[in-house]
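Summary of structural features
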There are 2 protein chains.
Amino acid sequence: MVKITDVARHAGVSPSTVSYVLSGKRSISAGTRERVLASIAELGYRPHAGARALASSRSNVLALVIPLRSGIHVPVVMQIAVAAVTAARRHDHDVLLLTQEEGVEGLRRVADSALVDALIVMDVQMRDPRLPMLRELDRPSVLIGFPADADDLTCIDLDFRAAGEACAERLAGLGHRSIALIGSPPEVYARQTGYAQRVAEGFRAAVRRHGLTGEVYPCEATAEAARALVGRLLAERPGLTGVVVHNEPVMEPVVRAFGAAGRRVPDELSVVAICPEDLAEHADPPLTSVAVPADEVGRRSVELLMAKLGGERVPAATLLPPRLTARASDR
Amino acid sequence: MVKITDVARHAGVSPSTVSYVLSGKRSISAGTRERVLASIAELGYRPHAGARALASSRSNVLALVIPLRSGIHVPVVMQIAVAAVTAARRHDHDVLLLTQEEGVEGLRRVADSALVDALIVMDVQMRDPRLPMLRELDRPSVLIGFPADADDLTCIDLDFRAAGEACAERLAGLGHRSIALIGSPPEVYARQTGYAQRVAEGFRAAVRRHGLTGEVYPCEATAEAARALVGRLLAERPGLTGVVVHNEPVMEPVVRAFGAAGRRVPDELSVVAICPEDLAEHADPPLTSVAVPADEVGRRSVELLMAKLGGERVPAATLLPPRLTARASDR
DNA sequence: TTGAAAGCGCTAACAC
DNA sequence: GTGTTAGCGCTTTCAA
């Protein structure tokens, strides 16, 4: 193994000079830097991560806690993870993967052992058992999602309330008077995951503001459940002309079920979705939608952490504004 | 921060004794062990990961390289990742997430810096540019997938050839004489990802053995492509009564398109899939399928690595046998 | 069965 | 602008 003293000897400088060339923490004459870099390249030197972590008390590793729960769209999780890794690498950091299963204890473990410098926690619940620990931890963290009490915590997410509102507004603007929100599975509401409730809130607020008829219908994430719910809507809400869907797996089944019942999209029924861009684009017909900005959430979580690690102050809440893209599913 | 010397003092022993209690690498009297463990608990001691890695030249971290490519079913990747993390934790290891994007250089980086002890590489290509590096690396690795030349490498995957064969056998056993394989997108075949070709090989072998009519049709992973292909099959292969699908996103669209053309599944058309269990179970109708054993792949990859890290010899190839589960899509 | 002490490879304070 | 050196916290030989 090539170590820093080997490089130092080869370049005819001291180990600390090599270290400083690498870290940029003090100025080095052009000539010296050249020679050091040449030696590093020639010898194929890589600093030992453990030694570095020990000496500098920085591991350059971020923890990412991913959810395992049902009712969560897996590709979005994956997209956030990939975006986080990519962003972390740009800042010379790596990402350690933890599962929700590890719980509070897992967070404490990686933080206290100095395995990671900071943490990103996905799928935060309204009353999340991990919050007390995150607050008392000496390491920075970012939550993806907004708990009920976010004091002293840094949170980021799509502004789901505004998203629900934007979708209802869209339908109102197109002249629809009787609309519905097909939402997340009941268990997602039950465990008080904030985003589902916030979409519903925004939806209801817009309904009220425009004097519409509009209600919220939770739906299991299966095609069967979608068909059953559509049957119920056809019976209970004959005047229904607009639907907001916030539940990825049922989007297509809902459109098809309405179509099969003679309510073709978009001619006899307008549909607006809250989902990842690619799903909306490839649906049939392509769906007007508010994007879940997974890439941006992943990237900005990392950037918030890097800022905190750099001693900067960051906003406690980052609410990403919804962007609605019109496609072929409403009119 | 609590360190090992603090624990030692508190328990009235030397630091090395604390270390040995934790590692179990030498015998400790029951009384001493008790006292040490009590002190550890009382002080909330966690060994510093970097210090440990430096002194022991083991980081207890595994690298997992995940693919980003198109034509790959994301939930399967996620499932393998979660299974790997879970298995790694059982062996007191953590998992560092790398993206394909980091390429050969990324593997070298984490290995040479001693950030990780071993590597799991997903989505291995027939001629994968990373293979030479993995061979010369001083750290153990496991490939998920089989390259053309697997000498000196440890590989694991579902036996896709046997899976393709089992599906065709299933249809042959039910009396079907004219069958088809709807496979991965063309680009997956083009970049010589082994598994797509192996499914086709196995399928063709069974077709030959039973004297059937059977061909392979690559298909883009979109509903549009599925509909187009079904149209083509209806025209070109009027006698077709059995279909094997190995392409998750098009399974449902294929079934629906045949249904729309009056070829109801399973009465007028039998369908057998190669896909994750839950997708087959929740399809409409539930699909007879060979499972892609993502959990087992993730778990066993880790176990192979742990064995190699422990100095054991492991089999160069682990081919997981296909298990076909009969459901409601064939007869 | 236990302790003392020499590193592991790097960073950063201190000195010049 | 550069060198010297004392740790960082742990593991593991060597010794008893």
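Located above this text is the structure these notes cover.
Right, let's walk through the structure included here. (Residues numbered from 1 in each chain as written. Chains lettered and ligands numbered in written order. Predicted model: local features only at pLDDT ≥ 70, side-chain atom pairs only at ≥ 80, totals over all residues. Heavy atoms only, no water.)

1. Some thoughts on the protein's contact with DNA strand C
Put simply, the rule is: The near set for a molecule or strand comprises every residue that places at least one heavy atom within 4 Å of it. Any pair of N or O atoms that falls within 3.5 Å is considered a polar contact. Within protein, one atom must be able to donate a hydrogen and the other to accept it, and sequence-neighbouring residues count only if both atoms are side-chain atoms. Only DSSP runs of H or I covering at least 4 residues are called helices, and only runs of E covering at least 2 are called strands; the numbering of each starts at the N terminus. Under the scheme applied, nonpolar residues are Ala, Val, Leu, Ile, Met, Phe, Trp, Tyr, Cys and Pro; charged residues are Asp, Glu, Lys and Arg; polar residues are all the others, including Gly.
Around DNA strand C, a shell composed of 28 residues is seen, among which I4 and Y45 of chain A together with T17, S27 and T32 of chain B lie nearest. Backbone atoms, meaning sugar plus phosphate, form 60% of the atoms of DNA strand C positioned within 4 Å of the protein. Within the side chain of K3 of chain A, one N or O atom sits 2.7 Å away from a phosphate oxygen of DNA strand C. Backbone polar atom of A55 of chain B to a base oxygen of DNA strand C: 3.5 Å apart, as the coordinates give it. Only α2 (15-23) and α4 (49-56) of chain A together with α2 (15-23) and α4 (49-56) of chain B provide two or more residues apiece to the surface near DNA strand C. Per element, the largest residue contribution to the surface near DNA strand C is four residues, and it comes from α4 of chain A. Its residues placed into classes, the surface near DNA strand C shows 11 nonpolar, 11 polar and six charged.

2. Remarks on the protein's contact with DNA strand D
Within the structure, DNA strand D sits among 28 residues, and S27 and T32 of chain A together with I4, Y20 and Y45 of chain B are positioned closest to it. Within 4 Å of the protein, the atoms of DNA strand D are drawn from sugar and phosphate moieties in a proportion of 55%. At 2.8 Å, a side-chain N or O of S29 of chain A approaches a phosphate oxygen of DNA strand D. Side-chain polar atom of S19 of chain B to a phosphate oxygen of DNA strand D: 2.8 Å apart, as the coordinates give it.

3. Overview of the relation of the copies chain B and chain A
Here is the rule: Here the copies are matched by least squares. The fit uses the C-alpha atoms of residues with pLDDT of at least 70 in both. Contacts are assigned to residue pairs that have any heavy atoms within 4.5 Å of one another.
Screw-axis analysis of chain B against chain A gives a translation of 0.0 Å along the axis, an RMSD of 0.1 Å, and a rotation angle of 180°. The symmetry that links the two subunits is that of a two-fold axis. The fraction of interface residues of chain B whose copies in chain A are also interface residues reaches 100%, indicating that both copies meet through the same surface.

4. A word on the pattern of salt bridges
Residues and elements named next belong to chain B. Defined as follows: The salt bridge definition used is simple: a Lys or Arg side-chain nitrogen within 4 Å of an Asp or Glu carboxyl oxygen. Whether a residue is buried, partly exposed or exposed follows from its accessible area with a 1.4 Å probe, protein chains only, as a fraction of its type maximum: under 20%, in between, or over 50%, in that order.
Enumeration over the complete set of coordinates arrives at 41 salt bridges over all chains. Salt-bridge contacts for E165 lead to R161; the nearest nitrogen and oxygen are separated by 3.2 Å. Here E165 pairs with R161, and both are found in helix α8 (residues 160-173), just four residues apart, close to one helical turn. Overall, the relative accessible area of 18% leaves E165 in the buried class. In this structure, the salt-bridge partner of E296 is R300, at a minimum N-O distance of 3.2 Å. Placement of both E296 and R300 in helix α14 (residues 294-309) is noted, with a separation of four residues, approximately one turn of the helix.

5. A closer look at the sheet that holds strand β7 (residues 213-217) of chain A
Residue and element names in this part refer to chain A. What counts is decided by this rule: Being paired, for any two strands, means DSSP has found at least two bridges between them. For helices, the axis comes from a line fit to the C-alpha atoms of the stretch in contact; other axes are also lines fit to C-alpha atoms, and the angle between any two N-to-C directions lies between 0 and 180 degrees.
Taken together, six strands build an open sheet; the order of strands is β7-β6-β8-β9-β10-β12 and the sheet is mixed. The sheet is open, and its two edges are formed by β7 and β12 (324-325), each paired on a single side. Examined bridge by bridge, strand β8 (residues 242-245) and strand β9 (residues 270-275) share four bridges and lie parallel to one another. Each bridged residue has a counterpart across the sheet, and for G242 the counterpart in β9 is S270. Sitting on the sheet, helix α8 (residues 160-173) is in contact with β6 (178-182), β8, β9, β10 (288-291) and β12, with an inclination near 165° to β9.

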